[in-house]
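As a plain string of letters, each chain reads:
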Protein chains: 2
Amino acid sequence: MRDFLPAEKKRRERVLGVIRERYQAHGFDEIETPVMEDSERLHAGLGGDNEKLAFGVLKRGLTHEEILAAEEPLDLVDLGLRFDLTVPLARFYASHRAELPTVFRAIQMAPVWRAERPQKGRFRQFVQCDIDIIGEPGIQAEAELLVATLATVDALGLADATIRINDRRLLTGMLAALGFEEYEYDSVLITIDKLDKVGIDGVAAELRSREVTPDAVAALEEFFLRPQTLEWLPFGEAAIRKALPPDPDPEVVSELVALGEAVGAARGGTEVLVFDPFLVRGMGYYTGPIFELVHPSAPYSLGGGGRYDGMIGRFLGSEVPATGFSLGFERLVDLVEPLVDETTASVALVHDAEVPLARLLGLQAEVLAGGNRARLVRRAKNTKPQLEGLAVEGFTSFAFVTSETTDADSLEFRPLD
Amino acid sequence: MRDFLPAEKKRRERVLGVIRERYQAHGFDEIETPVMEDSERLHAGLGGDNEKLAFGVLKRGLTHEEILAAEEPLDLVDLGLRFDLTVPLARFYASHRAELPTVFRAIQMAPVWRAERPQKGRFRQFVQCDIDIIGEPGIQAEAELLVATLATVDALGLADATIRINDRRLLTGMLAALGFEEYEYDSVLITIDKLDKVGIDGVAAELRSREVTPDAVAALEEFFLRPQTLEWLPFGEAAIRKALPPDPDPEVVSELVALGEAVGAARGGTEVLVFDPFLVRGMGYYTGPIFELVHPSAPYSLGGGGRYDGMIGRFLGSEVPATGFSLGFERLVDLVEPLVDETTASVALVHDAEVPLARLLGLQAEVLAGGNRARLVRRAKNTKPQLEGLAVEGFTSFAFVTSETTDADSLEFRPLD
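In this report, we go over the structure that sits alongside the text.

Notes on the pattern of salt bridges
For the coordinates displayed, the defined rule picks out 64 salt bridges over all chains. Ionic pairing is found between Glu136(A) and Arg378(B), a salt bridge with its closest N-O pair at 2.9 Å. One end of the pair, Glu136(A), is in the loop between strand E6 (125-134) and helix H5 (140-155); the other, Arg378(B), is in strand E13 (residues 373-378), on a second chain. Exposure remark for Glu136(A): the relative accessible area of 7% places this residue in the buried category. Taking relative accessible area as the criterion, Arg378(B) reaches 37% and is therefore assigned partly exposed. Among the ionic pairs, Arg169(B) bridges to Asp167(B), the shortest N-O distance being 2.8 Å. It is possible to trace a salt-bridge network through shared partners that takes in Asp3(A), Glu37(B), Asp38(B), Arg41(B) and Arg91(B).

Some words on the pairing of strand E14 (residues 397-401) of chain B
All names here are of chain B. Within E14, four of the five residues are buried, leaving the element largely enclosed by the surrounding structure. One ladder, built from five bridges, connects strand E12 (residues 346-351) with E14; its direction is parallel. Bridge assignment links Leu349 to a residue of E14, and that residue is Ala399.

Some points on the interface of chain B and chain A
Taken together, the contact between chain B and chain A spans 81 residues of the former and 81 residues of the latter. Taking both partners together, chain B and chain A bury about 6,900 Å²; carbon and sulfur atoms supply 59% of that area. Summed over the three residues of chain B that lose the most area to chain A, namely Asp3(B), Glu32(B) and Arg60(B), the buried surface amounts to 9% of that side. Counting across the chain B and chain A interface gives 14 salt bridges. The partner of Asp3(A) in a salt bridge is Arg91(B), with the nearest N and O atoms 2.6 Å apart. Counting the contacts that link chain B with chain A gives 42 residue pairs in polar contact (both at pLDDT 80 or more).

With respect to the relation of the copies chain B and chain A
Rotating chain B by 180° and moving it 0.0 Å along the rotation axis overlays it on chain A with an RMSD of 0.1 Å. Considering both components of the superposition, the chain copies are consistent with a two-fold axis. Proximity to the rotation axis, assessed at the C-alpha, singles out Val57(B) in chain B; its C-alpha lies 2.2 Å from the axis. In this assembly, 100% of the residues forming the interface of chain B have copies in chain A that are likewise at the interface, indicating an isologous arrangement.

Observations regarding unusual backbone geometry
Residues and elements named next belong to chain A. Even without a glycine there, the phi angle at Asp247 is positive, about 60°. Turning to its location among the elements, Asp247 is positioned in the loop between helix H10 (237-243) and helix H11 (250-267). Under the relative-accessibility criterion, Asp247 is labelled exposed at 75%.

Regarding the packing of aromatic side chains
Residues and elements named next belong to chain A. Summed over the entire model, instances satisfying the criterion amount to 16 aromatic pairs over all chains. Judged by centre distance (5.8 Å) and plane angle (15°), the rings of Phe291 and Phe325 are stacked. Linking Phe291 in strand E9 (residues 289-294) with Phe325 in strand E11 (residues 322-328), this pair joins segments that are 34 residues apart in sequence. A centroid spacing of 5.2 Å and a plane angle of 80° characterise the contact between Phe398 and Phe400, whose relative ring orientation is edge-to-face. Just as Phe398 is buried, Phe400 falls in that class too. Cluster of aromatic residues (ring-pair linked, three or more members): Phe223, Phe224 and Phe278. Across from the ring centre of Phe123, 3.4 Å away, lies the NZ or CZ of Arg2, which sits over that ring.

Conventions adopted
Residues numbered from 1 in each chain as written. Chains lettered and ligands numbered in written order. Predicted model: local features only at pLDDT ≥ 70, side-chain atom pairs only at ≥ 80, totals over all residues. Heavy atoms only, no water. Salt bridge = Lys/Arg side-chain N within 4 Å of Asp/Glu carboxyl O. Helix = DSSP H or I, 4+ residues; strand = E, 2+ residues; numbered from the N terminus. Buried < 20%, exposed > 50% of the residue type's maximum accessible area, 1.4 Å probe, protein only. Pairing = 2+ DSSP bridges. Contact = heavy atoms within 4.5 Å. Buried area = accessible area lost by both parts, 1.4 Å probe. Polar contact = N/O pair within 3.5 Å; in protein donor to acceptor, adjacent residues only side chain to side chain. Least-squares fit on C-alpha atoms with pLDDT ≥ 70 in both. Phe/Tyr/Trp six-rings, centres within 6.5 Å; stacked < 30°, edge-to-face > 60°. Lys NZ or Arg CZ within 6 Å of the ring centre and 35° of its normal.

Here it is as structure tokens:
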């Protein structure tokens, strides 16, 4: 968990502002949920491994007897801090469905908490920026998510981002074609998900070391080694078919092709899309197209998502289609060039100690009335480092105020840099 | 704890944006701290009654033996959710002092949590907007806080706000003059703080029912009943002296008079200030001037604050002067008229189901390129209620998209209201 000092806080708020503005422009609406959810809901099996990382909030007013009666830590908590924004969204939608549009496009930009072991680049509190479309079963939803996300990444100045696409249904079709048994799919996918980290040999070795159908593992290894498997063609039917075993589900293939055409129509080209036959995404709840945002300047993904049609039904009792995309805000904010606000001047009024307070505040009011930022700063003995410090803080100009300064017209503004 | 739906979330973000913008213009810098602090720090005696309302976060990895060994609930927690923004600020300042300006003007706009019993108008998660000036011992700090706060309230469209001012040192001087013993001051102040709620008789009755110096209680009651005690004059020395027992501390009186003159200089008049000899403010850590923001449309205060010179020293080991003002965001947001964004049009593209997706996204891209907000909406059987719903959602115009629509030039936009 981190403190954010003024410069970093400003940078974060600017990036959040750009994301909010772009997603809203694309027709999404921002919502907010409380940071605590019922502990039972957080541990309902929808959060995968993240459930284990949830911070629990102690029940209020526990007596000593109640503490002694607890069989496990979870008996002592009734609330917990959310570990993602998807479980709260599902609960939110189930609570407020009647007040929301038939197709609901949600923005959530908010912190989540996970009890990670302290390590570089992992935080126990971090911000996620999610968009989700609930109520739309077709790939129009995926197309809107991808177009809005790419526009947002553009607005942040990160050109050259690409989106890797796959589909859970194609993954299971691939596993079937290679000879895996259905009960093995989940665990095999978890291993394939490590391909980027451990390579082809690592995946094959891990599968062999477990009790997975040996012929299927051999077939997978052979499949990996086909020259065309990892040769990425321009997104389209040829690329998808070439990367997969023969006879993939034609309906799924044509959906992905249509998705690519739609994104291309909005973007003037599909070159930002890549079909990745081994993209898995960690969460078990995905049911259809899945995606990941990558950028040449970062060795890790900057976000991802996918369709999770079954999940909201768990809260509501009736099936509701849903798909979402989550931007990794903490990773993005480090890549984005500082966004400079050039519309207002930031003025330091560096004053002698003996200038009357009423006059100082009157001068500040005059400078503010011109639409600028203004801070009163008592003049230090040594002004050189003081002025340098103000420049570092982002002030663009200064003026000395002495007991002879009567009004803002008599101030002499000088640039700081 | 509440969910915020799109309209309310938008309103909250707009109000937060205005507050942030005004406070920044006045030279303050925004910071952020994690929502969890060490439990020991939260229970160090600086939070008054709010400490008891802190949510505790269960220690991770507790064994059954450790649970059985707990003597009280606090033994089970190591972190807690902050109940205010002042304790975290003191900890932040102690951690980062070397990286901050000599006089540090902080903005914090963030949620806090208190385990309140559910009742109307009380929330367990709510947002506070605090500004604090650390490192400035003189009333320039108070003057800046009040000027920035009044400018912010103006920008929110709440004209006619006033600020009640008192000083902890004048309060204790008053109690001494009336004959209370020094050890009684804290408890007597807690009772006087209820004056608005229980009236003069209620305060006198409560003091009599306890073991407080009887002559002093009688003197207080007589003092209350002086015609001039509650007759508020234009802010200044005469008003302050008239409202107090004879011979108040002349240095404190002249500080408050200078504060009023300084605020008046920046605002073109002191009529927004009122001296309130019975303003107490709940927290025991205040040491100097204290203030409260009131508005004719609300029966409760909209914020308040004061000087708390001793507090940061508790974390740092050396004395650091500090004063702060906290806006009650949840109360403010209800009073503020919806702030309308008139700079961008919000367009609904109401399309037939058979329009190809690629064309829809291309049309949306064209409308977005004009700087507008655009949402794709599938046309309902009955368009009248659908269009009414879009107007309620804030869309300002719509166009029907049919399979004959080829580009944005062929769209016919019509207003929604």
